[in-house]
Amino acid sequence: MLSLLLPRRCVLCRSEGTGLCAVCITTLVAAPEMAAPPGFDTCSSLLSYTGATKELVAALKFHNHRDAVGVLGFAMSQLVDGLETLERPALTVTWAPTSANRKAKRGFDQSELLARAVAASLGLRACKLLRRVAGQAQTGHSRAERLLGPQFLATGRSPQRVLLVDDVRTTGATLCAAADTLIESGTGSVHGLTLAVTL
């Protein structure tokens, strides 16, 4: 019934039927393989942050267009599917949180939405392991300013193995700051996963 009142629409072209239509998918550029930032065992990205991907991220991040979150989470999960094995402690999925002010203003945290979609696709637990310390947002700042990175606090003792999700990897400062906090609070193995990466 809800789908009749609020039909699913492509985040990019707004055509009805799916959160991301087949035509728009062909305009997205896959991310190349890149070295993991310091502190990470692995780090993967789904898309290159260029062209239509910029529109996709902006639609999710600033305009609350969530229709594509499920399909993006599934696609992201395929990049790390082999990390989960029976003989190791289970991966716990978490995210690099936005500030409390930004979450209150937007009503959601885009990285949390992606992390929960990834976790659902992998059949893993997703939980909040980090809290962002109040400070300047990364968006709109120079590379030098971004390299200073945000600060995080752990919400408790962290699990042994963590999959850390974020929306865009730019300088890697946010991911590194988050990974450092997880490691300091007990995590032994951190794997990164982002929707997009700048080149």
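Quick note: structure is the one above.
Parameters at a glance
- Residues numbered from 1 in each chain as written.
- Predicted model: local features only at pLDDT ≥ 70, side-chain atom pairs only at ≥ 80, totals over all residues.
- Heavy atoms only, no water.
- Helix = DSSP H or I, 4+ residues; strand = E, 2+ residues; numbered from the N terminus.
- Buried < 20%, exposed > 50% of the residue type's maximum accessible area, 1.4 Å probe, protein only.
- Areas by Shrake-Rupley, 256 points an atom, 1.4 Å probe, with all protein chains shown as cover.
- Pairing = 2+ DSSP bridges.
- Contact = heavy atoms within 4.5 Å.
- Axes fitted to C-alpha atoms, helices over the stretch in contact; angles between N-to-C directions.
- Arc of directions from axis to C-beta.
- Salt bridge = Lys/Arg side-chain N within 4 Å of Asp/Glu carboxyl O.

Moving on to the overall build of the protein chain. If you tally the helices and strands in the protein chain, you get eight helices and seven strands. Within the span of the protein chain, comprising 199 residues, buried residues form 48% of the whole. Element-wise, carbon and sulfur atoms account for 54% of the exposed surface of the protein chain, whose accessible area totals about 10100 Å².

The phi angle at Arg14 is positive, at roughly 70°, despite the residue not being glycine. Within the secondary structure, Arg14 is located in the loop between helix H1 (2-5) and helix H2 (22-25). A residue is classified by how much of its surface remains accessible, and Arg14, at 33% relative accessible area, is partly exposed.

This part covers the sheet that holds strand E1 (residues 42-48). Spatially, E1-E7-E6-E2-E3 is the arrangement adopted by the five strands of the open sheet, whose pairing is parallel. Only two strands of the sheet have a single neighbouring strand rather than two, namely E1 and strand E3 (125-126). Here E1 pairs with strand E7 (residues 189-197) via six bridges, running parallel. Within E7, the residue paired with Ser45 across the bridge is Thr194. Its contacts with the sheet put helix H4 (residues 69-77) on E1, strand E6 (161-169) and E7, and the angle it makes with E7 is roughly 130°. This element, helix H6 (residues 110-122), spans strand E2 (92-95), E3, E6 and E7 of the sheet and lies at about 130° to E6.

Quick look at H4 now. Residues that lie three or four places apart on an α-helix share one face, since the helix turns once every 3.6 residues. Inspection of H4 places Val69, Leu72, Gly73, Met76 and Ser77 among the buried residues, and these make up the whole buried set. Each buried residue of H4 sits inside an arc of 135° when the element is viewed along its axis, so together they form one side. Contacts from the buried residues of H4 go to E1, helix H3 (52-63), H6, E6 and E7.

Mapping Glu112 onto the fold places it in helix H6. On the basis of relative accessibility, which here comes to 15%, the residue Glu112 falls in the buried class. Among residues more than four places away in sequence, those in contact with Glu112 are Trp95 and Lys103.

Within this structure, the stated rule accounts for four salt bridges. In this structure, the salt-bridge partner of Lys61 is Asp167, at a minimum N-O distance of 3.4 Å. A residue pair is termed long-range when its members are at least 10 positions apart, and Lys61 in helix H3 and Asp167 in strand E6 qualify at 106 residues. On the accessibility criterion, Lys61 (13% relative accessible area) is buried. Between Lys103 and Glu112 there is a salt bridge whose closest N-O contact spans 3.2 Å. When salt bridges with common partners are traced through the structure, they connect Lys103, Glu112 and Arg116 into a single cluster.

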